[in-house]
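Below, each chain spelled out in residue letters.
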Amino acid sequence: MDPVGLVVAWLRGVELPALGTLVWAYIPNYICAGLAVIPSQVISRLSHKVSRAREMGSYRLGGLIGKGGMGEVWHARHRLLARPAAIKLIRAERIVAEDSETERLALQRFRREAEAAASLRSPHTIQLYDFGEMDDHRFYLVMELLDGIDLESLVRRFGPQPPGRVIHLLRQVCQSLAE
């Protein structure tokens, strides 16, 4: 806007300072504007990388639900179906081995277990929607997302449960395990 302001002032008959003075007065503005482009492009690129990192195929990762010995579980949402899901990212060191044959067997075992879990239909078993391997060789499982609390939180929050309720919960667990 500086040149526009100078032209308007000149057209109105205002006497302008010498060209050298104008250059030195306005050059810091242009240097700052030019330098501002660099961080904005870096931030924009990082933003796109973070956005891509939070996407796994058709799923967009949300917040971390929990961590365990095998990996992390994340809240996710299918981008097209808008269906909520839980994605378990299995730590690479749990599968990746020192030799390729052991790693190949671990991968086969993971796939067999995922295929077996996907075939389960008990109403007391979480449904497996998808599984696969990421570019960084981590494996993932996409599962049904359940609202509620786990048994440990239930007991911690409400104390010991009445025997009838415990029997009811254990029957559900046993039905799922039996399948």
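Everything that follows concerns the structure shown earlier in this document.
Computed from a predicted structure; not experimentally measured. (Residues numbered from 1 in each chain as written. Predicted model: local features only at pLDDT ≥ 70, side-chain atom pairs only at ≥ 80, totals over all residues. Heavy atoms only, no water.)

Asks: Where do I start with the environment of Gly-66 in this structure?
Replies: Mapped onto the fold, Gly-66 is located in strand 2 (residues 59-67). Here the alpha-carbon distance between Gly-66 and Lys-88, two residues 22 residues apart in the chain, equals 9.4 Å. When near neighbours in sequence (up to four residues on either side) are disregarded, Gly-66 contacts Gly-71, Glu-72 and Val-73. (Helix = DSSP H or I, 4+ residues; strand = E, 2+ residues; numbered from the N terminus. Contact = heavy atoms within 4.5 Å.)

Asks: When you look at the packing of aromatic side chains in this model, what are you seeing that I'm missing?
Replies: The description of an aromatic ring pair rests on the distance of the ring centres and on the angle between the ring planes. For the structure shown, the criterion picks out zero aromatic pairs. The ring of Tyr-129 has Arg-83 lying over it, and the distance from NZ or CZ to the ring centre is 3.8 Å. (Phe/Tyr/Trp six-rings, centres within 6.5 Å; stacked < 30°, edge-to-face > 60°. Lys NZ or Arg CZ within 6 Å of the ring centre and 35° of its normal.)

Asks: Would you mind going over the layout of surface pockets with me for this structure?
Replies: Within this model, the largest pocket holds a volume of roughly 960 Å³. Ile-126, Leu-146, Gly-148, Ile-149 and Asp-150 are the residues nearest the centre of the largest pocket, which is lined by 24 residues in total. For the lining of the largest pocket, the secondary-structure elements that each account for two or more residues are strand 4 (84-90), strand 6 (139-144), helix 5 (151-158) and helix 6 (163-178). Element by element, the count of residues in the lining of the largest pocket is highest for helix 6, at five residues. (1 Å grid on protein atoms, 1.4 Å probe; cavity = no way out; pocket = protein on both sides within 12 Å on 5 of 7 lines; lining within 4 Å. Points joined across faces, edges and corners; volume = space filled by probe spheres on them.)

Asks: Explain a nonpolar patch on the surface here, please?
Replies: Together, Leu-19, Val-23, Trp-24, Ile-27, Ile-31, Leu-35, Ile-38 and Val-42 make up a nonpolar patch on the protein surface, roughly 820 Å² of accessible area in all. Looking at the secondary structure, you find Leu-19 in helix 2 (residues 19-53). (Patch = residues over 30% accessible without salt bridge, like charges linked within 9 Å, V, L, I, M, F, W, Y side chains within 5 Å. Areas by Shrake-Rupley, 256 points an atom, 1.4 Å probe, with all protein chains shown as cover. Salt bridge = Lys/Arg side-chain N within 4 Å of Asp/Glu carboxyl O.)

Asks: Explain the pattern of salt bridges to me, please; I cannot follow it from the model alone.
Replies: If charged atoms from side chains of opposite charge come close, those side chains can pair. Within the structure shown, the criterion is met by one salt bridge. Put simply, Glu-152 and Arg-156 hold a salt bridge, and the shortest N to O gap is 2.9 Å. Of this pair, Glu-152 and Arg-156 are both found in helix 5, four residues apart, which corresponds to roughly one turn of the helix. For Glu-152, a relative accessible area of 57% translates into the label exposed. (Buried < 20%, exposed > 50% of the residue type's maximum accessible area, 1.4 Å probe, protein only.)

Asks: Looking at this structure, I do not really get the pairing of strand 3 (residues 71-78). What am I missing?
Replies: A regular strand places its side chains so that they alternate between the two faces of the sheet. In the sheet, strand 2 pairs with strand 3 via six bridges, with the strands oriented antiparallel. Bridged to Lys-67 within strand 3 is Glu-72. Linking two consecutive strands that pair antiparallel, namely strand 2 and strand 3, is a turn of three residues. When strand 3 meets strand 4, the two strands line up antiparallel, connected through seven bridges. Bridge pairing in strand 4 places His-75 opposite Ala-86. (Pairing = 2+ DSSP bridges.)

Asks: I'm lost on the nonpolar core in this one. Help?
Replies: Most often, soluble globular proteins have nonpolar side chains that are buried together. Ranked by size, the top nonpolar core spans nine residues in total: Tyr-59, Leu-61, Trp-74, Ala-76, Ala-85, Ile-87, Leu-89, Tyr-140 and Val-142. Breaking this core down by element, the ones donating at least two residues are strand 2, strand 3, strand 4 and strand 6. Here this core takes three residues from strand 4, the largest share from any one element. Residues Leu-107, Phe-110, Phe-139 and Leu-141 belong to the second largest nonpolar core, which totals eight residues. (Core = buried A, V, L, I, M, F, W, Y, C linked by side-chain atoms within 4.5 Å.)

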